[in-house]
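# Structural description and commentary
Given next are the chains, with one letter for each unit.
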Amino acid sequence: MNDQAYVRFHNIVKKFGTVVANDSIDLDVQRGEILAILGENGSGKSTLMNMLSGIYMPDSGSITIDGKPAVIRSPKDSIKLGIGMIHQHFKLIDRFTGYQNIMTGITSNTLGYKKSVKKITELMDKYELHIDLDKYVYDMSVGEKQTLEIIKVMFRGAEVLILDEPTAVLTPEEITKLFVILRNMRKAGHAIIIITHKLNEVMEISDRVTVLRKGKNVGTLNTNQTNILELTELMVGRPMEPIIRRVECEPGDVYLSVEDVTAYNHEGIKVLDNISFELSSHEIVGVAGVAGSGQRELCEVIAGLYPVKKGSVSCMNQEIVGKTPGEIIKMGVSMSFIPEDRLGMGLVSSMDITDNMLLKTYRDGKGLFINRNPAREMARNIVKKMDIVTPGISTPVSKLSGGNIQKVLLGREIESNPKVLVTAYAVRGLDIGASYTIYDMLNKQKEKGVAVLYIGEDLDTLIQLCDRIIVMFSGKIAGIVDARNATKEQLGLMMTGKVMMYV
Amino acid sequence: MNLTNLQLFLSAAVIAGTPLLFATLGEIITEKAGNLNLGIEGMMLMGAVVGFITAYNQGNPILALIAAFLAGAFGSLIYAFLTVSLRVNHEVSGLALTTFGTGFAGFLGQAYVGKVVPGNVRQAFGNIKIPLLGDIPFIGEILFNKDPMVYLSYIVVIIIGIYLYRTRKGLNLKAIGENPAAADAAGINISLYKYVNILIGGALCGLGGAYLSLIYVPAWQESVVAGRGWIAVALVIFVTWNPYKAIAGAYLFGGLDILGFRLQKFQLNIPQYFLDMLPYAATIIILVIASVKRSKKNLPPQSMGIPYFRENR
């Protein structure tokens, strides 16, 4: 323990019902330091920080700030104590300008518009944070939104800055920028806590790292005295290979071919602009891009859910455009899209695993009544094959954890023996262990000869898992690169439309 | 229609639109706080009956208005307790409030059916011409030779306009309606803001109801509000949650409301029922247009109708 600690957690316990989210956690951070909190999903990172930002109250234990005991009952108390939290899902109001967002909730400031803007501008100059204050949030990029969040908390006089998974949605370029800002703040004497599960970022930015596992603090280490392997082992609880395996196969016939596809959304904006690529058997092709670059629309076009203005999509030389989703499934194209809320597409959350199987695979059964036996058989099969943790196959899907829900969805798609498997954000929100199970499954499909389109967020994963990577930028293909010699920096530049490249 | 006829018609449209204006303003700030209150009809009836009874028994116009104001606020307090504190579904709570208000007005008003507002109260609500403004040709007569409640509605429009667009409290209010989680993280007391604005909103609806029973009719009849509360719900969408536009919207609907009656003397060959239907048909058309033509700036408050739980995210 450190005597100059600015914020200190002592013996913090927080339970939700019977689940212990935080189990007697001790933690401290000092001024001029960046502390990383590392842990898998559900390890209690966010819960712990939400107690500092006034969202939750600890059941027992104490928090001291600058040596004084702090009772934080609401976000307001937290702001008063100089704590600024940047949530993973930004707390911004879309239809306000940057300026309005900064001023929201401020009561003490009696400055007029001009003086406030001057004060904000000084702040922006000091930390090299730059945004247009009169721009509406709905017009801002993710990076700009995050910058705005930081300005917002700094304007409120934050001494402690907490960032919850700040890099999850940023491009590599934006991440570099963010790290510059954080280093400036460290220099200015702020205490910074960054919550993450990305090991390379921990190594790059933090001074110390605290690892949480299953609600417990399993160790605090100095970053320069540890390494990725040691941290992974601490985080997961067992040694892990930090590299995703890529199965090397000779690509086979072209299974899916997309030619000059252009599509417009209901507002008449072009969301897909002349998209062309081919996908072969024994191949995993990744799709990278900033969120909203057309990935979702592309998936839906292939699945027959999105109207195509121009161009053609063919599966094994048969045209898909114009066919119904049901017909496309029969042709062997299978899509699984994991939306941000994880439940929106594909599964009916209040139904059990068996009935969710019925939805797609056994929909065309004969007769008036349902014969559930084959679906039950299939449900049991999937539960076993994919290690799904569930009380039984008749448990509603909504009662399962996020990772298990995703396994059910993906399992169902794979069980239908597709020729083409489109999977979007398959590991979204999953911890390392569960993600690896999914990568293994995709590799197995590849070996079997399936053509896999993998839409992903994490560039490291894309580079390690895929054969080729398609980079999308605002509805266009910015380039298709060979994953074996792609770099993150190169992909990042393409994602922001700065470089176009074809291989 | 010659000029005087048009002037008379517009003048009557302002009067018919004033109760709608109060109710629309009330619903605007309620919805800006993220709460959809479908109980306007009920709150207007509560204001109408309480205002009438007070005027009838006390003979005091000011007291009658205060009573109507409080009656509307009381109605919305029930709604606020249900939706803000207990987080009950907004639509159901609002519909329940309408049913409650209808019964409340029917029950309290039983003994007063057919009774007329006392002379001194009617006198107090007589037209007052505003110097200078009232002399403007054509519109002076329409807008500035009116009863005090019409002037009060102008003042309320301006106050709400300043509140929403010029004050920090107004900014905070809009933040709650757009994204309560963001407002909460910014340290705004969400429940307090919601309660205060819902209560003021209800009170304004109460005043709108009282305008009907004290000035517009001015006598007690159970069907005094006659669906105007529902028109106000649609008007809020029509005027895109903007208090200034609410003036024009309310008078437009006021005009449609009286159109049938006014056209009678011209002996046109249009069935009366068709003309009576106009405000409601217009309401439907407005909702259709609003849903077809959506721009980013004119959308409803994003979290409207969704109860907010802090720990549920």
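Attention here is on the structure that accompanies the text. This structure is a prediction, so every number in the text was calculated from the model and none was measured.

A word on the overall build of chain A. A count of helices and strands for chain A gives 16 helices and 21 strands. Projected onto the principal axes, the alpha-carbon positions of chain A cover approximately 70 × 50 × 45 Å. Expressed as a percentage of its 503 residues, the buried residues of chain A come to 45%.

Counting its regular elements, chain B contains 13 helices and 2 strands. Seen through its C-alpha atoms, chain B measures out along the principal axes to roughly 60 × 45 × 40 Å. Scored against the burial criterion, the 313 residues of chain B give a buried share of 48%. In chain B, the proportion of contacts linking residues at least 24 apart, taken out of those at least 6 apart, comes to 79%.

Residues and elements named next belong to chain A. The 4 strands lie next to each other as S12-S11-S14-S15, forming an open sheet whose pairing is antiparallel. The open sheet is flanked by strand S12 (270-280) and strand S15 (318-319), the only strands paired with a single partner. Of the strand pairs in this sheet, strand S14 (residues 310-315) and S15 are connected by 2 bridges, and their pairing is antiparallel. Looking at S15, one finds that Ser 314 is bridged to Glu 319. Of the strands in this sheet, strand S11 (254-264), S12 and S14 are in contact with helix H9 (residues 295-303), which crosses S12 at around 60°.

Okay, the interface of chain B and chain A next. Taken together, the contacts link 18 residues of chain B with 19 residues of chain A. Looking at the side of chain B that touches chain A, the elements that each hand over two or more residues are helix H8 (168-178) and helix H9 (180-185) of chain B. For the side of chain B that touches chain A, the residue count by class is 8 nonpolar, 4 polar and 6 charged.

All names here are of chain B. Viewed as axis vectors pointing N to C, helix H2 (residues 40-58) and helix H4 (residues 90-109) meet at an angle of 20°, and their least axial separation amounts to 7 Å. Taken together, the axes of H2 and H4 are roughly parallel relative to one another. Classified by chirality, the crossing of H4 by H2 is left-handed. Each of Glu 41, Gly 42, Met 43, Leu 45, Met 46, Ala 48, Val 49 and Ile 53 in H2 lies in contact with H4, whose residues at this interface are Leu 97, Thr 98, Thr 99, Phe 100, Gly 101, Thr 102, Phe 104, Ala 105, Leu 108 and Gly 109.

Moving on, we get to helix H3 (residues 61-85) of chain B. Residue and element names in this part refer to chain B. The end-to-end C-alpha distance of H3 is 35 Å, a good match for the 36 Å that 25 residues give at a rise of 1.5 Å each. Residue Tyr 79 marks the point of greatest curvature in H3, where the axis turns by about 25°. Backbone geometry just downstream of H3 places Arg 87 in the positive-phi region, at approximately 55°.

Turning next to unusual backbone geometry. Negative phi is the rule for most residues except glycine; trans is the rule for most peptide bonds. One non-glycine residue, Glu165(A), lies in positive phi territory at about 45°. The partly exposed category is assigned to Glu165(A), around which 17 C-beta atoms lie within 10 Å.

Attention now moves to the pairing of strand S17 (residues 420-424) of chain A. Regular strands show a simple pattern: their side chains alternate between the two faces of the sheet. All names here are of chain A. Across the 5 residues that make up S17, a large majority, 5, are buried. The pairing of S17 with strand S18 (residues 451-455) spans 5 bridges and is classified as parallel. If you follow Thr 423 over to S18, its bridge partner there is Tyr 454.

For the rest of this paragraph, the subject is the nonpolar core. By size, the foremost hydrophobic cluster in this structure holds 153 residues, and its most contacted members are Ile162(A), Ala48(B), Leu214(B) and Leu235(B). It is helix H10 (residues 190-216) of chain B that contributes the most residues to this core, 13 residues altogether.

Our focus in this paragraph is the pairing of strand S8 (residues 191-196) of chain A. Residue and element names in this part refer to chain A. Across the 6 residues of S8, 6 count as buried, placing the element largely inside the fold. Both faces of S8 are covered, namely the face carrying Ala 191, Ile 193 and Ile 195 and the face carrying Ile 192, Ile 194 and Thr 196. One ladder, built from 5 bridges, connects strand S7 (residues 160-164) with S8; its direction is parallel. Opposite Ile 162, over in S8, you have Ile 193 as the bridge partner. On the question of chirality, the crossover connecting S7 to the parallel S8 by way of helix H6 (residues 172-187) is right-handed.

Procedures and definitions
- The written sequence of each chain sets the order in which its residues are numbered from 1.
- Note on labels: chains are lettered from A, ligands numbered from 1, in written order.
- Reporting in this predicted model follows two pLDDT cut-offs: at least 70 for local features of residues, and 80 or more for side-chain atom pairs to be given and counted; totals over whole chains, interfaces and linings ignore these cut-offs and use all residues.
- Strands here mean DSSP runs of E at least two residues long; helices mean DSSP runs of H or I at least four residues long; both are numbered from the N terminus.
- Partly exposed residues are those whose C-beta has more than 12 but fewer than 20 other C-beta atoms within 10 Å; with 20 or more the residue is buried, with 12 or fewer it is exposed, and the C-beta atoms are placed from the backbone.
- Residues are defined as contacting one another if the C-beta atoms placed from their backbone atoms lie within 7 Å.
- Think of it this way: DSSP has to see at least two bridges between two strands before they count as a pair.
- Only C-alpha atoms enter the line fits that serve as axes; for helices the fit covers just the stretch in contact. Angles between N-to-C directions range over 0 to 180 degrees.
- Here the term charged refers only to Asp, Glu, Lys and Arg, the term nonpolar to Ala, Val, Leu, Ile, Met, Phe, Trp, Tyr, Cys and Pro, and the term polar to all other amino acids, Gly among them.
- In what follows, roughly perpendicular refers to angles from 65 to 115 degrees, roughly parallel to angles under 35, roughly antiparallel to angles over 145, and oblique to any angle outside these ranges.
- Handedness of a helix crossing follows the sense of rotation of the near helix relative to the far helix, less than a right angle counterclockwise being left-handed and clockwise being right-handed.
- What a helix is expected to span follows from its residue count: subtract one and scale by 1.5 Å.
- Here the bend at a residue is taken as the angle between two axes, fitted respectively to the seven residues that end there and the seven that start there.
- A set of buried Ala, Val, Leu, Ile, Met, Phe, Trp, Tyr and Cys residues, joined through C-beta atoms within 7 Å, is what we mean by a nonpolar core.
- The path from the first strand over the helix to the second decides the hand: if it runs clockwise while the strands point away from the viewer, the crossover is right-handed.

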